[in-house]
Amino acid sequence: LHIADGAAFVANAPEGFYDVIIQDSSDPYTWEEDTGAKVDLPSKTLYSDDHFVNIEKSLGVDGVFSFQAETFNIESDLEGIVEWRQRALDVGFKEARYGSITISSYPTGQIGFLLCRKSEDSPPSMTSVNSRFDDMEKLGQRTSYYQPSLQDSAFALPRWVQRRIYCENEN
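Residues numbered from 1 in each chain as written. Predicted model: local features only at pLDDT ≥ 70, side-chain atom pairs only at ≥ 80, totals over all residues. Heavy atoms only, no water.

(A) Representation of the packing of aromatic side chains within the structure. Applying the stated criterion across every chain yields a total of 14 aromatic pairs. Centroid distance Tyr-29 to Trp-31: 5.9 Å. Interplanar angle 70°. Geometry classified as edge-to-face. The partly exposed category is assigned to Trp-31, whose relative accessible area is 39%. Ring centres 5.7 Å apart and planes at 90° place the aromatic pair Phe-52 and Phe-65 in the edge-to-face group. Here Phe-65 lies in strand S4 (residues 59-68) and Phe-52 lies in helix H2 (residues 49-58), a separation of 13 residues in the sequence. (Phe/Tyr/Trp six-rings, centres within 6.5 Å; stacked < 30°, edge-to-face > 60°. Buried < 20%, exposed > 50% of the residue type's maximum accessible area, 1.4 Å probe, protein only. Helix = DSSP H or I, 4+ residues; strand = E, 2+ residues; numbered from the N terminus.)

Now the structure itself:
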C-alpha cells in the first residue's frame, strides 16, 4: 500500500513490476454552481493519457488496473466513462469493462469502476472465485456484504448503458 502522489508514483514505477493497481481517486472535474461551467480538479491528471500509459507500463503481462469511474446516471459522467474506457484501450489494455455498484451515500445511489486487463486471459474464473470464497467461509471468515454473485453481476448493466459505454449500435 502506497499513499502518495499517484501520478508521480507510477511515472517512476519499475516497468512490469505490479500485478494489480487500484486507483480510488477523487473526481477529475466538477461543475461551477452559478454558470454550470466544467472545472478541472487536481485529480484530473489521474485520468490523463500520460498517467494511463504509466499505469499500463508499470503492470506485469497479466496486470489489472481498476479505478473509480463515476455513475452512469449523470450524462457528463457517462461521457467520462466512455472516454476513459477508450483511453485504457488506446494505451494497450486488452479489455476495459465497466462495473456498477450500489452505494446509498452517493447522490444517484450508484457508482462505477473500470476494470482494465492487459491480457484477456488474466481474470480468474467464477468457479475459482466461488471455490476460494467457500474455503474462506469454511475457515469462519465471513463477509456481511460481498458474495461472488455480486462480483459477477457488477458487470450486468442496463441495456442503454451497455450500448452507450461499449459503443454498440441500437439496431
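Text resumes after the structure shown.
(B) Quick look at H2. Within H2, burial applies to His-51, Phe-52, Asn-54, Ile-55, Glu-56 and Ser-58. On the buried face of H2, the contacting elements are helix H1 (6-11), strand S1 (18-23), S4 and helix H3 (75-90). (Contact = heavy atoms within 4.5 Å.)

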